[in-house]
Amino acid sequence: MHKKILLSTLTLLCICCVLPSSVHAQLSMQSDSSSRGLGRQGNTSKGPKQYEVGGVTVSGTKYLDEDLLIAVTGLTVGTKIKLPNDDNIARAIRNLWKQELFSDVNITITKTIGNKIFLNIKVEERPRLAKYNFKGIKKGEATELKEKTGLVKGRVVTEAVEKEATVRIRKFYSEKGYGDVKVKIMRRIDTTSVNSVVLTFDIDRGNKTHINQVNIVGNENATDAKLKHMLKSTKEMARVSFYPADNFTVYGTKKRSFNEYLKNMNFLSVSKTLDYLNPYFRYNFLSSSKFNQKKYEDDKVSMIEYYNSLGYRDASIEDDTVYSVANGNVNVEIKIKEGHKYYFGDIEWKGNTKYPSETLSTILGIKKGDVYNQQLLETRLGKQLSPDGGEDVSSLYMDDGYLFFNIEPIETSIIGDTINYEMRVTEGPQATIRNIYIYGNDRTNEHVVRRELYTWPGNKFSRADLIRTQRQIANLGFFDQEKIGIQPKPNAEDGTVDIEYNLVEKSSDQLQLSAGFGGGIKFYGNIGIVFSNFSLRNIFKPKFWDPLPVGDGQRLSLSYQSNGKYYNSVNFAFTEPWLGGKKPNALTVNTLYSRYSGLGAPYPADSQYIRAFGGGVAMSKRIKWPDDNFVFSYGINYQNYKLKNYALVTDANNNPFNNGYSNNLYVKLTLARYTIDKPLYPTSGSNVSFSLQFTPPFSYLSGNTYNSSTPPSEKFKWVEYHKYRFTAEWYQKVYGNFVLKLATKYGFLGYYNPDIGYSPFERFQIGGDGLSGRNFFIGKDIIAQRGYKDPYQTNAVLFNKYTAEIRYPFSLSASSTIYGLMFLEAGNAWNSFNDYNPAKLNRSAGIGVRLFLPMFGLLGLDYGYGFDRYNPTPGADNRFSNLANFTFMLGFEPE
């Protein structure tokens, strides 16, 4: 009973009340002789008679509570009514109709005893929704629509409910470009439930509605092309031709018809064929746009904003029409009223005490006589986000604690075409940070987040510090970078501010399972695991395991590669980012072992191989000069190599080094500056690093003399060199969500003793895909270049590489970051500085896609085309060989 009352209460109170246009009421008398008919009385000369309600009953209900219905009518025992006409009866009927729960309402008289009257409220409930389905559409579309119609099982079905669902269905398809959707609703009684129906929506999408033409009139100071460009989502169809000339000459041959040429053409390669045909085609493309009313309205706003930026502050769309044409598409007609062109006049500052007017005017960057631009004004004042991240007046104040700062630009006068402004500044007090709250760090310990903050209790509020903190948290890699919420909560009464950081954890650990074929080692497998949020101190506390102890931000990685006995490699590394817990001084330790045999079955693996093992330790710390984005790292490493019948390189006298031991003990110093905003999909910032790696000059320290007769195994027992690397990456949004990446890399290997020459290790290999399957080339920096299937230089001592990419994101969710890219690359490597020619580069171009899955890391696929081959293979057609190929990457982005 209680559940029934609760259901009825919620149903009655939550439905939108709409007064019916007409009220149907029936007051009737039962036919027994003891009752008299009210409303059909035979003698009315005595006038209305007053009665007292002696009781009220309800009939016809199936779901609703009777007592609640009586309460809605307002008819209670003791109520005085006058018959035959009484306002209480009419009001009771109206109240019931307002609920929109009934298809019929009647109030009848069951009996009268003296002056007491007994009433019965007879209702017919509207049916309820048992279920609903869709007809005429795909299963995927039906699944999407179920979330958008607003229909709920058990809801009362009214005409308004059906109409609302129809509107939502049409809107759903309108956004997909279907502008003439027909929806037919069919009701069917559900025999399995009481007073319930099944709704079937029969949907005819029709054809997509494309924009045939966009016609703009009234524009005298802006071109059609520019205005149509502002209609980013309202593009007209462009019909263009694609045809060759009837007759043409192919590289000096006689004229032929196009069909004859195709019939007799020898298709040597795709690239040559395109080279032949390209001059004789006019390439055009068919592009179309579906019409979307909502996006069209947004585009009209963008068009007017463009006019405002040209100085036409009064520009407006005087009229616009969208109408259907014979081919089923639509034409868009827009009539512009440009108005007058305006200019900025005098700009005065009022209320500023912290900074002089001259300083504020310099930051504003708008002078008298400049073309009026409302968007520029709001951007320079800080009321809109600057696309280039430039300084504005608001940031100047807010970076110095003025959280309560406000500025209002007031137009004081308009004289002719000149607008004079008064900037009214309210500085307010400097706000001090009071409390910091962190939410959402379910797996990560709070101190790991707090140590990255640049906002501390007691500090002055600074918007720049908030932006920097957001970047630091994103770069941890433990949280969804798109959902980092920062909410300052000012306390005006005491001039303080509380800051809330709302975070969403994501999986940052990676499992790498892969297999490959090629690279000189035939089939190989790789298994690796990276724990990016490891906790060493909780390793003996099982309750912190998930699946290993997590929460302290440490990094633990372990990988193993093998193809059996011919190739094996093991790598282990551990990083503590805050050694001691007080300062961001990172400690990294690593070890490695690798063994590769240049032979395969059936040859014994021990007959020829190179083996390496070693390790190192490194420290890094953040420094505050030139600014606090710099990190300085230093470390010492040792590697031991053993060669057995393995030809690695030759020395300066062309003597092969293929047997013996070699030791590599070196120090590495790195200075880096990192300002990238988001590690998975950067949209701004840069990553620049310079490293110096060197060994002691062992040959001079030992006092030994080396000449042409000294065997390489003696010369390279302790390798000596000095090595330099420079890397720079720069990211910037250029248009909408498109991001430009520019990158450059340089490397140089030098020697101390000319009698020994270059070290056989630490050289550069450039070209190929740079996959981990090539890591058996021990002691080399592997530089990938897309568009070239195989490395074109394997033992270089000097290299250059340049990259330009345009990226576009398809998904930036925490579960999968996906983006596409187009690239241009150029690079080369040389065996000596004397051969160096920075203009002689192997160029390539192509497209690619990247997919980042939290558990597997980065997955990538590129298709590249190499244009040059400066290191030809004798006897081969090197100009056209290995020029186009796919490049696959797993777990990391190759250099």
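Structure first, text after, so check above.
Quantities reported herein were computed from a predicted structural model and do not represent experimental measurements. Counting restarts for each chain, with residues numbered from 1 along the sequence as it is written. Only residues with pLDDT of at least 70 get local features here, since the model is predicted, and only at 80 or more are side-chain atom pairs given and counted; chain-wide, interface and lining totals rely on the full set of residues. To obtain the side-chain values, all non-hydrogen atoms of the structure were included, while hydrogens and water were left out.

Focus on the overall build of the protein chain
Each helix and strand in the protein chain was counted, giving 16 helices and 39 strands. The contact rule is simple, with two residues in contact once any of their heavy atoms fall within 4.5 Å. Taking all contacts inside the protein chain whose residues are at least 6 apart in sequence as the whole, residues at least 24 apart take part in 62%. By element, 55% of the accessible surface of the protein chain is carried by carbon and sulfur atoms, the whole surface being about 45,900 Å². Segments assigned H or I by DSSP are reported as helices when at least four residues long, segments assigned E as strands when at least two residues long, and all are numbered from the N terminus. Each accessible area is a Shrake-Rupley result for a 1.4 Å probe, and residues are judged covered by the shown protein chains and nothing else.

Remarks on the sheet that holds strand β1 (residues 49–59)
At least two bridges found by DSSP between two strands are what make those strands a pair. Sheet architecture is open: four strands sit in the order β2-β1-β4-β3, paired in mixed fashion. Two strands lie at the open edges of the sheet, namely β2 (80–83) and β3 (102–113), each paired on one side alone. Averaged over neighbouring strand pairs, the angle between their axes works out to 45° when direction is ignored. Pairing geometry for β3 and strand β4 (residues 116–125), over 10 bridges, is antiparallel. Paired with Asn106 across the strands is Lys122, a residue of β4. Its contacts with the sheet place helix α2 (residues 66–73) against β1, β3 and β4, and it is angled at close to 150° to β1. The axes used here are C-alpha line fits, helices contributing only the stretch in contact, and every angle between their N-to-C directions lies in the interval 0 to 180 degrees.

Remarks on helix α4 (residues 139–146)
Partly exposed describes any residue whose relative accessible area lies between the buried limit of under 20% and the exposed limit of over 50%, with all areas from a 1.4 Å probe on protein chains only and scaled to the type maximum. Every buried residue belonging to α4 is among Glu141, Ala142 and Leu145, and all of these are buried. Looking straight down α4, one finds that the buried residues subtend no more than 100° of arc, so they occupy a single side. Contacts from the buried residues of α4 go to β5 (128–135), α5 (159–174) and β7 (196–204). In this context, the arc is that of the directions from the helix axis out to the C-beta atoms.

Observations regarding the pattern of salt bridges
Salt bridges are counted wherever a side-chain nitrogen of Lys or Arg sits within 4 Å of a carboxyl oxygen of Asp or Glu. Within the structure shown, the criterion is met by 38 salt bridges. Across the salt bridge formed by Glu825 and Lys801, the nearest N and O atoms sit 3.7 Å from each other. Of the two residues, Glu825 sits in strand β36 (residues 817–830) while Lys801 sits in strand β35 (residues 798–812), which places them 24 residues apart along the sequence. Judged by its relative accessible area of 6%, Glu825 falls in the buried class. Ionic contacts of the salt-bridge type, sharing partners, join the residues Arg786, Lys801, Glu805, Arg807, Glu825, Arg850 and Asp862 into one network.

Some remarks on the packing of aromatic side chains
Centre distance within 6.5 Å is the pairing criterion for rings of Phe, Tyr and Trp, where only the six-membered ring of Trp is used; planes under 30 degrees apart are then read as stacked, over 60 as edge-to-face, and the remainder as tilted. For the structure on display, the rule yields 35 aromatic pairs. Here Tyr397 and Phe405 contribute two aromatic rings whose centre-to-centre distance is 4.3 Å and whose plane-to-plane angle is 10°, an arrangement assigned as stacked. Residue classification places Phe405 among the buried residues on the basis of a relative accessible area of 7%. Judged by centre distance (5.1 Å) and plane angle (55°), the ring pair of Tyr681 and Tyr819 falls under tilted. Of this pair, Tyr681 sits in the loop between β28 (660–674) and β29 (684–694) while Tyr819 sits in strand β36, placing them 138 residues apart in sequence. By relative accessible area, Tyr681 is classed as buried at 2%.

As for the environment of Gly581
The residue Gly581 is located in the loop between β22 (567–576) and β23 (585–596) in this model. On the basis of relative accessibility, which here comes to 48%, the residue Gly581 falls in the partly exposed class. With 130 residues separating them along the chain, Gly581 and Arg451 place their C-alpha atoms 8.6 Å apart.

Quick look at the nonpolar core
Ile610, Leu643, Leu648, Phe761, Ile766 and Phe799 are the most contacted members of the largest nonpolar core, which has 28 residues in total. Secondary structure elements with two or more residues in this core: β24 (609–623), β25 (630–644), β32 (763–767) and β34 (791–796). Side-chain atoms within 4.5 Å link the members of a nonpolar core, which is a set of buried Ala, Val, Leu, Ile, Met, Phe, Trp, Tyr and Cys residues.

Details of the packing of α4 against α5
Packing of α4 against α5 leaves a shortest axis separation of 11 Å and a crossing angle of 125°. Taken together, the axis directions place α4 and α5 in an arrangement best described as oblique. For α4 against α5, the interelement crossing comes out right-handed. Only Ile169, Phe172 and Tyr173 of α5 make contact with α4, whose side of the interface consists of Glu141, Glu144 and Leu145. Residue classes in the contact of α4 with α5 are distributed as four nonpolar, no polar and two charged. Here the angle decides the label: under 35 degrees means roughly parallel, over 145 means roughly antiparallel, 65 to 115 means roughly perpendicular, and every other value means oblique. By the definition used in this description, the sense in which the near helix is turned from the far one sets the handedness, with an anticlockwise turn below a right angle giving left-handed and a clockwise turn giving right-handed. As a working rule, the residues Ala, Val, Leu, Ile, Met, Phe, Trp, Tyr, Cys and Pro are called nonpolar, Asp, Glu, Lys and Arg charged, and the rest polar, with Gly in that last group.

A word on the packing of α2 against helix α3 (residues 87–98)
Contact geometry for α2 and α3: axes closest at 8 Å, N-to-C directions at 120°. Taken as axis vectors, α2 and α3 run oblique relative to one another. The residues of α3 that touch α2, namely those facing Leu69, Val72 and Thr73, are Ala92, Asn95 and Leu96. In terms of residue class, the contact of α2 with α3 is made up of four nonpolar, two polar and no charged.

A look at the sheet that holds strand β6 (residues 182–189)
The strand order across the open sheet formed by three strands is β5-β7-β6, and the pairing between neighbours is mixed. In the strand order of this sheet, the two ends are held by β5 and β6, each with one partner. On average, adjacent strands in this sheet sit at an angle of 20° to one another, irrespective of strand direction. Here β5 pairs with β7 via seven bridges, running parallel. The residue bridging Tyr132 from the neighbouring strand is Leu199, located in β7.

Points about the pairing of β4
Buried residues dominate β4, accounting for seven of its 10 residues. Bridging between β1 and β4 involves seven bridges; their strand directions are parallel. Note on β4: the bridge partner recorded for Val53 is Ile117. Taking the residues between adjacent antiparallel strands as the criterion, β3 and β4 are bridged by two residues, where Gly114 takes a positive phi near 65°.

Some details on helix α10 (residues 357–364)
Of the residues making up α10, those classed as buried are Leu360, Ile363 and Leu364. Viewed end-on, α10 has its buried residues packed into an arc of 100°, placing them on one side of the element. Residues of α10 that are exposed and point over 90 degrees away from its buried face: Glu358 and Thr362. Residues of α10 that are buried in the fold lie against β13 (343–350), α11 (374–381), α12 (393–398) and β15 (418–426). Gly365, located one to two residues past α10, shows a positive phi value of around 70°.

Digging into the environment of Asn475
Structurally, Asn475 is set in helix α14 (residues 463–476). Exposure remark for Asn475: the relative accessible area of 24% places this residue in the partly exposed category. In the structure, Asn475 is positioned 23 residues away from Glu452 in sequence and 9.8 Å away in space, judged by C-alpha atoms. Look past the residues within four positions of Asn475 in its chain and what remains in contact with it is Tyr674, Ile676, Asp677, Lys678 and Pro679. As used in this structure description, the phrase polar contact means that two N or O atoms lie within 3.5 Å; if the pair is within protein, one of them must be able to donate a hydrogen and the other to accept it, and residues adjacent in sequence are counted only when both atoms belong to side chains. In this structure the side chain of Asn475 is engaged in a polar contact, spanning 3.4 Å, whose partner is the backbone oxygen of Ile676.

So, the side chain of Glu825
Separated by 3.4 Å, the side chains of Glu825 and Thr803 make a polar contact. Sequence-distant contacts of Glu825, defined by excluding residues within four places in its chain, comprise Gln785, Arg786, Lys801, Tyr802, Thr803, Asn842, Arg843 and Ser844.

Topic: the environment of Pro84
Among the structural elements, Pro84 can be located in the loop between β2 and α3. In the structure, Pro84 is positioned 36 residues away from Pro48 in sequence and 6.2 Å away in space, judged by C-alpha atoms.

Structural notes on unusual backbone geometry
Generally, phi is negative for residues other than glycine and the peptide bonds are trans, each holding for most cases. The omega torsion across Trp625 and Pro626 is 5°, close enough to zero to call that bond cis. Along the chain, Pro626 turns up in the loop between β24 and β25. Its identity as a non-glycine residue notwithstanding, Asn195 has a phi of 50°, on the positive side. Positionally, Asn195 belongs in the loop between β6 and β7. With relative accessibility at 22%, the residue Asn195 sits in the partly exposed group. Despite not being glycine, Asn645 shows a phi value in the positive range, around 55°. In this fold, Asn645 is placed in the loop between β25 and β26 (649–650).

Thoughts on a nonpolar patch on the surface
A cluster of nonpolar residues, Val734, Tyr735, Phe738, Tyr808, Phe810, Met822, Ile847, Val849, Leu861, Tyr863, Phe886 and Phe888, forms a patch on the protein surface that exposes about 1,200 Å² of accessible area. Within the residue set of the nonpolar patch, elements represented by two or more residues are β30 (722–735), β35, β37 (842–853), β38 (857–866) and β39 (884–890). Residue position: Tyr735 is located in strand β30. Taking relative accessible area as the criterion, Tyr735 reaches 42% and is therefore assigned partly exposed. Residues with no salt bridge and a relative accessible area higher than 30% make up the patches, which join like charges within 9 Å and nonpolar side chains (Val, Leu, Ile, Met, Phe, Trp, Tyr) within 5 Å.

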